[in-house]
Amino acid sequence: MKVYSLKHRKNPNKPKNCQFEQHWTSGINRREFMKGSLALSVLAGLSACKPSIENKSAKKQVKLIRQTDRTVKLTGRVFNEKQLLDIQAVSMRLFPDDGDGPSADDLNFLTYLEWAMTDEQNMSDGDPEFIVKGIGWLNQFANDDYGKDFKELSVQKQDKLLSTTARSDAGERWMALLIYYLIEALALDPFYGGNTDQVGWKWLKHQGGFPNPIAGKTYRDFE
Amino acid sequence: MKSLKAIECDVCIIGSGVGGAPVASELSKAGHKVIVLEKGGWYNEQDFKKDEMLGRKRIFRSKMKEERHVLSAPDGDGDFSESTTTEFWGGNIVGGASNFMSAYFHRLKPKDFRLLSEYGPIEGANIADWPITYDDMEPYYVKAEQVVGISGKVVDHPFLEPRSTPDYPFPPTNEHPIAKWFDKAATKLGFHPLPMARGILSRPHNGRNFCEYSGYCGSYGCHSGAKASSRASLLDDAVKNGNCEVITHAKAYQINTDSDGNASSVDYFDMNGDSIRVKAKKVVVACYSMESSRMLLASKGEKHSNGIGNKYNQIGKNLHCCAGGTGHGVFDLSKFSELQQNELTVRGPFFNRFLQDWYEINDKSAFDKPVKGGTIDFVFDPPSPTSDASESRYNDGDLVWGTQLKQNIKSSFTQSKDFKFEVFCDWLPNDDCYVSLDRNEKDKWGSPVAKVKVGFHPHDLKVAQYIVDKGVEVMKQMGAQTAFGNVWSDPTGNLMAGGLRFGNDPKTSALDANCRVHGTNNLYVTDGSFMPNGGSVTPTFTIYANSFRVADKILEAM
């Protein structure tokens, strides 16, 4: 019961990334992740490599990041600056500035994501590590194919790489997890950091309820 | 764990929901010392913001890591498969699941009390008449309407139940424009469109405000106090009279019995994990169907080696899970005028309509004799934009992203309007639908969890399909471009009842006509467990009424 109308059977759950993570690190589902148009030679070249994720600077305070037309200060509590820029690049392809409705940047996605990564359940699900790991892989493939990080590629090449990623179960789950959080940034109450000035709700002609969540009465205050 | 202390009272009630609160209110008003044990905390209107995250994060509900149920469900191949679930936890909070109900309040009808006599046996189903009649319950429906505050308007129709009062004490809540569309369509089809009674105030009552019509109802806690949760409507007052104490964060885990087999005390864990004993003259169990069965099964004593009242293995049996289905009418906004579009997209007031033309189905083309049918409620889902948008993530099972994702989401929000109906039928009690104690799973307090087996009778699906088809017909007549419906064979997690059905024969029932556990003289059950069948409506109103009825029986016995 989405908790619920009486017989509600919607499933708003996020994808089971724990399973994804096991697959990813097992090496077997790297093959799944890669299946599709990426050349087998890439796989062969990577087969002996373990994913290399730079986590040491994760707690470093991140500087200002330019987001389209405004500047947003990020906490840097979860992701380092490079990781944030990588996530930003992916998020802007998953939820682009295409002239109809807010983009990931308009939704203040990075700020929302960093905050969401401090949620106890999301942490225990391993989401921060999983997102970082996915970025690492994507950059590795981008470098193998094009000699550059994902964020340096043209949008056409970025989309091509994401299309390949989405064709594998594992890659699809990783993208689905980011989309899960993008949708939270789109449609949750602006109090939680996304949906700036109700930009998401206005686009969707959605009328929020009242009273809205306030400091001291957010879901985390009751946990 | 250590046993710290014992406290005493006249009546100890386990659970503060719709089953427990009327007894707490009535007995404490009469001057008896009442203690209510509630596992959750006390939250009120100021805590209930219209925040989708409260539901997404299961705030005010039990968490999987703390307690769960083992669900044994048909696997589709004639066998049962097991999993653990939290779907049956409706509200870990004072007032229980009634904080998060939609409050569609229907009475049962006289024939629901005599299902076996009226319609005869069905092979494979354990149908039974009730040990009381509708006339015994009727005064308590009236009482509940007045005390907890029920709004609505009585309209005559072929299956209207007898009433001793002409109408509800409060006028109907405000209606959405779609209600008029519905009335026109249903009338054209020869049906009887009926305004829905709600456990929601349309006028201030007893210190509670009327509905604010924010459109965020149902699973959202009520900010105005209009929703007739047992906390807002009863316990807020009861704790002021000096005789009623609600102990929160108190997890009752065992009922102790004396050498005569009667209840002597209840043991609970407080929030520190210490065990505390409440000695009481009367004990009332009202923790939701499977949990009340679990409590009796887990409580063994000198006279109850198999669990309290379980001499004839009736504890936990004949559970029922509310059969039925749902359907939708999707209205393509581009097909309607601007005025009509404005009407369709209003948010705030309620749909508030139902049909009961098929409460009894007398149609030889479908059934060879009259059979018990059901109710169609036309309703709104509580808004959940994040969950709704999440449904646009996939096209035919493939993840979509980029502009396609955005367009999917935008289209689902702005191009059409989806109206819903819910069908309620009897879930026939049967030998494959019952509660037992699981042998492996334990909750965080170390007690075995309830295992819930949910076998269903195929007759339920046939009845449900018949009525779902009628709902689809109405949606089409209303002008929906797309209309469809489905029947369910899985349990409706928030509408479980039975498990401790009442009756005159201890060999086929768990409670007597006064909802006292067979084999005891002072242990009562007042949640929905007592119901031999659920009626073809949501059971909440009947649980309220019955709890007021049993409160009178307990008062007589004090």
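Keep in mind that what you see is a predicted model, and the values were worked out from it rather than measured.

Draft legend 1. The overall build of chain B, seen in detail. Along its length, chain B carries 12 helices and 23 strands. With the C-alpha coordinates of chain B rotated into their principal frame, the extents come out at 75 × 50 × 50 Å. The 558 residues of chain B split such that 63% are buried. For chain B, restricting intrachain contacts to residue pairs at least 6 apart in sequence, the fraction spanning at least 24 positions comes to 73%. On chain B, roughly 20,100 Å² of surface is accessible, and the fraction owed to carbon and sulfur atoms is 46%. Across chain B, 64 positive and 69 negative side-chain charges occur, with their mean positions spaced 3 Å apart.

Draft legend 2. How the structure looks around the sheet that holds strand S18 (residues 416–425) of chain B. Residues and elements named next belong to chain B. Sheet architecture is open: six strands sit in the order S5-S12-S15-S18-S11-S21, paired in antiparallel fashion. Two strands in the sheet have a free side with no partner beyond their single neighbour: strand S5 (194–195) and strand S21 (482–488). Here helix H5 (residues 178–188) sits on the sheet in contact with strand S11 (323–332), strand S12 (353–355), strand S15 (374–379) and S18, set at roughly 20 degrees to S12.

Draft legend 3. Up close: the interface of chain A and chain B. Opposite the 61 residues of chain A that make contact, chain B presents 71 residues. Here chain A is connected to chain B by six salt bridges. In this structure, the salt-bridge partner of Asp 98 of chain A is Lys 406 of chain B, at a minimum N-O distance of 3.0 Å. Of the residues forming the side of chain A that touches chain B, the biggest block, nine residues, is contributed by helix H9 (residues 169–187) of chain A. Of the residues contributing to the side of chain A that touches chain B, the split by class is 31 nonpolar, 15 polar and 15 charged.

Draft legend 4. Representation of helix H10 (residues 403–414) of chain B. If you check H10 of chain B, its first and last C-alpha atoms are 16 Å apart, about what 12 residues at 1.5 Å a residue would give, namely 16 Å. Where H10 of chain B is buried, its residues meet helix H4 (81–94), H9 and helix H10 (199–203) of chain A together with helix H9 (385–390), strand S16 (394–395) and S18 of chain B.

Draft legend 5. Region of the structure containing helix H11 (residues 458–478) of chain B. Counted at 1.5 Å a residue, the expected span for H11 of chain B with its 21 residues is 30 Å, and the 31 Å between its end C-alpha atoms agrees. Just past H11 of chain B, the residue Gly 479 of chain B takes up positive phi, approximately 110 degrees.

Draft legend 6. Just the confidence of the model for chain B, in detail. In the predicted model, chain B carries a mean pLDDT of 96, and the fraction of residues at 70 or more is 99%. Predicted complex metrics record ipTM = 0.92 and pTM = 0.90.

Draft legend 7. Inspection of the sheet that holds strand S3 (residues 69–74) of chain B at higher detail. All names here are of chain B. Reading across the sheet, the four strands line up as S4-S3-S20-S19 and stay open at both edges, with mixed pairing between neighbours. The open sheet is flanked by strand S4 (80–85) and strand S19 (433–442), the only strands paired with a single partner. Neighbour to neighbour, the strand axes of the sheet diverge by 30 degrees on average, direction disregarded. Direction of pairing for S3 relative to strand S20 (residues 448–454): parallel, over a ladder of three bridges. Bridging from a neighbouring strand, Val 70 pairs with Lys 451 of S20. Strand contacts of helix H7 (residues 289–298): S3, S19 and S20, with the helix running at about 65 degrees to S19, the strand carrying the most contacts.

Draft legend 8. Main features of the packing of aromatic side chains. Residue and element names in this part refer to chain B. Within the structure shown, the criterion is met by 40 aromatic pairs over all chains. Considering the side-chain rings of Phe 48 and Phe 100, the 6.2 Å spacing of their centres and the 80 degrees angle between planes classify their relative orientation as edge-to-face. Within this pair, whereas Phe 48 is found in the loop between strand S2 (34–37) and helix H2 (52–56), its partner Phe 100 is found in the loop between S4 and helix H3 (115–119), the two being separated by 52 residues in sequence. By relative accessible area, Phe 100 is classed as buried at 7%. Taken together, the ring pairs connect Phe 105, Phe 113, Trp 130, Tyr 134, Tyr 141, Phe 502, Phe 530, Phe 541 and Tyr 544 into an aromatic cluster. Above the ring of Tyr 359, the side-chain terminus of Lys 109 is found at 4.9 Å from the ring centroid. The ring of Phe 350 carries the charged tip of Arg 198 above its face, separated from the ring centre by 4.4 Å.

Basis of the calculations
Residues numbered from 1 in each chain as written. Chains lettered and ligands numbered in written order. Predicted model: local features only at pLDDT ≥ 70, side-chain atom pairs only at ≥ 80, totals over all residues. Heavy atoms only, no water. Helix = DSSP H or I, 4+ residues; strand = E, 2+ residues; numbered from the N terminus. Buried < 20%, exposed > 50% of the residue type's maximum accessible area, 1.4 Å probe, protein only. Contact = heavy atoms within 4.5 Å. Areas by Shrake-Rupley, 256 points an atom, 1.4 Å probe, with all protein chains shown as cover. Lys, Arg positive; Asp, Glu negative; His and termini not counted. Charge placed at Lys NZ, Arg CZ, Asp CG, Glu CD. Pairing = 2+ DSSP bridges. Axes fitted to C-alpha atoms, helices over the stretch in contact; angles between N-to-C directions. Salt bridge = Lys/Arg side-chain N within 4 Å of Asp/Glu carboxyl O. Nonpolar A, V, L, I, M, F, W, Y, C, P; charged D, E, K, R; others polar. Expected span 1.5 Å × (residues − 1). pLDDT = per-residue confidence, 0-100. Phe/Tyr/Trp six-rings, centres within 6.5 Å; stacked < 30°, edge-to-face > 60°. Lys NZ or Arg CZ within 6 Å of the ring centre and 35° of its normal.

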